[in-house]
Amino acid sequence: MNFKQMNPLGKMKQSIGVFGGLNQSSVGADNEFLDMKNISSRLFPSLTLREANLPFTESEEPVQIFYKNSLYMFGKNALIYDKKRIALKKTVELDRVLVGMGAYICIFPDKQVFNTKTEELIDMESSYTQEGQISIAPVSEGSSFVKIQGKNIGKNFKRDDVVTLSGFTQYTETLNATKAIKEIGDDFIVISAVDENGASLRSITEESGVKIVRKVPDMDYVCEFNNRLWGCSSANHEIYASKLGDPTNWSSFQGTAADSYAVSVGSDGDFTGVISQQGYVVFFKENYIHTIYGTKPSNFSLDTVEARGVMKGCSASLCHVNEAVMYVSRDAVMIYQGGMPESVSDKLKVKWNHAIAGQWRGKYYVYLQNDNQGSMYVFDLKNQLWIKEADIEGKIYSLVNASGNLNSTCEKPLNGVFPLYSRNTMADDMQDHENTEWFLESVYLEEGTLDKKKVRSLQFNIELEPDAECTVYVRYDNEETWRREASITADKRNTYLIPVKLKRCERYQYKLSGHGKFTLYGMSKTIGKGSER
């Protein structure tokens, strides 16, 4: 009897040596992962344990941090540094806008400036209310410069301040105006003023009611660019720039290149953030991007485009990474390099209502929070992949790059204090990773055919440090429970091949889980095509 010769079932072997990071979308590649914990792409194309995040100092209260040649902490109502504590004007939640300008730290909404050289804290705004009689007279006969004398009238101001005077009952149109202070002393100021005919003022006195004010507009967001502060007000629909080199003067309109600047904005919605980028200043709303071009007030111009901007509540996600700006919009994490922004988060399936970010080693570290639960994600710009580090309870208040370190603070105490954490280039040498838990959960793997497959085996090439452990789990088709298939504990630093035999299925997932330092170099799989039965 003759039998028809049967064709042998095909066998296929695939190797993966380049891992592509996180992919939570409906379709993923074989080298991508649906979920992960405590992973880093710094050894790309391999994956490894994330860098240690070490406490380096602590605070008795939750704080924001800012770095200006040294570390400064900001509590709800105080500036803290070098075991010193300076009271601030306002008590606010830990969402101050802190901006560096030269040796200054500009503090909003307190509207104060801390000089890091002199350690002096000054108010941006200042005022004088008349104390007793004041006299007003030209500095010399026929002069257009007027000297106003009174007790402490100049004590809270400085030369070249632009101030608003009010309360004069004589020469009202001339003196009740905005003026630049030409000369100053504790008990006098000199301004420029002439009467309605252009003639010198006569000498007069005022008994009460005169006020002098140097005011700063209320602003939602502020940044520094080209030795000016730039800010915006949603209530007034305006953008402002301070006087050149002077964060305390915002109403100096003297017709010079050092003048302040203000412009109205007609787009809908509130401002949501501001940042400088490649020679210009960029203001964001949720649906608009406003860009200020130019080098001085006489050639400043405003350009507006309709595009996905920063989500409300996510202003702290604005961050420079290499030569790009990254931020969180309502439905995506965006990269902006001028022109139109682009989404880089199509592979994430995450909801958020708050975000804060920082950059370190060319990567974008962003904490995406939804209500009281959030997770730290990392976007690797060079390799264009996402990594998920960990789920975190509560808020992160700061992510600040300082001298090559990424420093952070959060609201969760540890042993009754609030640690300040740091990642740095020496972290791997400073921390024992033995107890650090990690895992990698693959996307659902299918082999591109409708036939049943005999997934004969998987093999993982992984390096483990002494006492590190790795366990392999698998689940098939629509199973909810993971099956433990193999496990290894390293007694020395070595590279291990971990084989796993599998059963026939339509699709499957694997999960690598362990603790201690590891590096996943690659994996291979042997697949046999199933029969029709």
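Quick note: structure is the one above.
Before going into details, it helps to say that this report is about the structure given with it. Since this is a predicted model, take the numbers as computed values, not measurements. (Residues numbered from 1 in each chain as written. Predicted model: local features only at pLDDT ≥ 70, side-chain atom pairs only at ≥ 80, totals over all residues. Heavy atoms only, no water.)

Points about the overall build of the protein
Next up, step 1: Along its length, the protein carries two helices and 50 strands.
Next up, step 2: Relative to a compact globule of 533 residues, whose C-alpha radius of gyration would be 24 Å, the protein shows 32 Å and is clearly more extended.
Next up, step 3: Within the protein, counting contacts between residues at least 6 apart in sequence, those at least 24 apart form 58% of the total. (Helix = DSSP H or I, 4+ residues; strand = E, 2+ residues; numbered from the N terminus. Rg over C-alpha atoms; globule rule 2.2 N^0.38 Å. Contact = heavy atoms within 4.5 Å.)

As for the sheet that holds strand β46 (residues 483–489)
Next up, step 1: An order of β2-β3-β43-β49-β45-β46 is seen for the six strands of this open sheet, with the pairing classed as mixed. Lying at the two open borders of the sheet, with one neighbouring strand each, are β2 (21–22) and β46.
Next up, step 2: Looking at chain direction, β2 and strand β3 (residues 32–37) are connected through two bridges and run parallel. If you follow Gly21 over to β3, its bridge partner there is Glu32. (Pairing = 2+ DSSP bridges.)

A look at the sheet that holds strand β32 (residues 319–321)
Next up, step 1: Here we have four strands laid out as an open sheet, ordered β32-β33-β34-β35, and antiparallel in their pairing. The open sheet has two edge strands, β32 and β35 (342–343), and neither has a second partner.
Next up, step 2: Across two bridges, strand β34 (residues 333–336) lies against β35 in antiparallel orientation. Note that in β35 the partner of Ile335 across the bridge is Glu342.

Some points on the environment of Ser40
Next up, step 1: Positionally, Ser40 belongs in strand β4 (residues 39–40).
Next up, step 2: With a relative accessible area of 4%, Ser40 lands in the buried category.
Next up, step 3: Taking the C-alpha atoms as reference points, Ser40 and Asp477, separated by 437 residues in sequence, lie 29 Å from one another.
Next up, step 4: With near-sequence residues (within four places) excluded, Ser40 lies in contact with Ser46, Leu47, Thr48, Leu49, Arg50, Glu51, Lys363 and Ile387.
Next up, step 5: Separated by 3.1 Å, the side chain of Ser40 and the backbone nitrogen of Arg42 make a polar contact. (Buried < 20%, exposed > 50% of the residue type's maximum accessible area, 1.4 Å probe, protein only. Polar contact = N/O pair within 3.5 Å; in protein donor to acceptor, adjacent residues only side chain to side chain.)

Quick notes on the pattern of salt bridges
Next up, step 1: Inspection of the entire model under this criterion finds 25 salt bridges.
Next up, step 2: A salt bridge links Arg85 to Glu61, with the shortest nitrogen-to-oxygen separation between them at 2.6 Å. Of this pair, Arg85 sits in strand β10 (residues 84–87) while Glu61 sits in the loop between β6 (54–59) and β7 (64–67); the two residues are 24 residues apart in sequence, bridging distant segments of the chain.
Next up, step 3: Asp161 is the salt-bridge partner of Lys158, the closest N and O atoms lying 2.8 Å from each other.
Next up, step 4: Connected through salt bridges with shared partners, the residues Lys111, Glu125, Lys215 and Asp218 form a single ionic network. (Salt bridge = Lys/Arg side-chain N within 4 Å of Asp/Glu carboxyl O.)

Considering the pairing of strand β26 (residues 238–241)
Next up, step 1: Relative to β26, strand β25 (residues 228–233) is paired through four bridges, and the arrangement is antiparallel. Looking across to β26, one finds that Trp230 is bridged to Ala241.
Next up, step 2: A loop of four residues connects β25 with β26, the two strands running antiparallel in sequence, and His237 in this loop sits at a positive phi of about 55°.

Digging into the environment of Ser398
Next up, step 1: Here Ser398 shows up in strand β40 (residues 396–402).
Next up, step 2: For Ser398, a relative accessible area of 3% corresponds to the buried category.
Next up, step 3: When the C-alpha positions of Ser398 and Ala316 are compared, they lie 8.6 Å apart, and in sequence the two are 82 residues distant.
Next up, step 4: Here Ser398 is in contact with Val63, Gln64, Ile65, Ile356, Asn407, Ser408 and Thr409, once residues within four sequence places are set aside.

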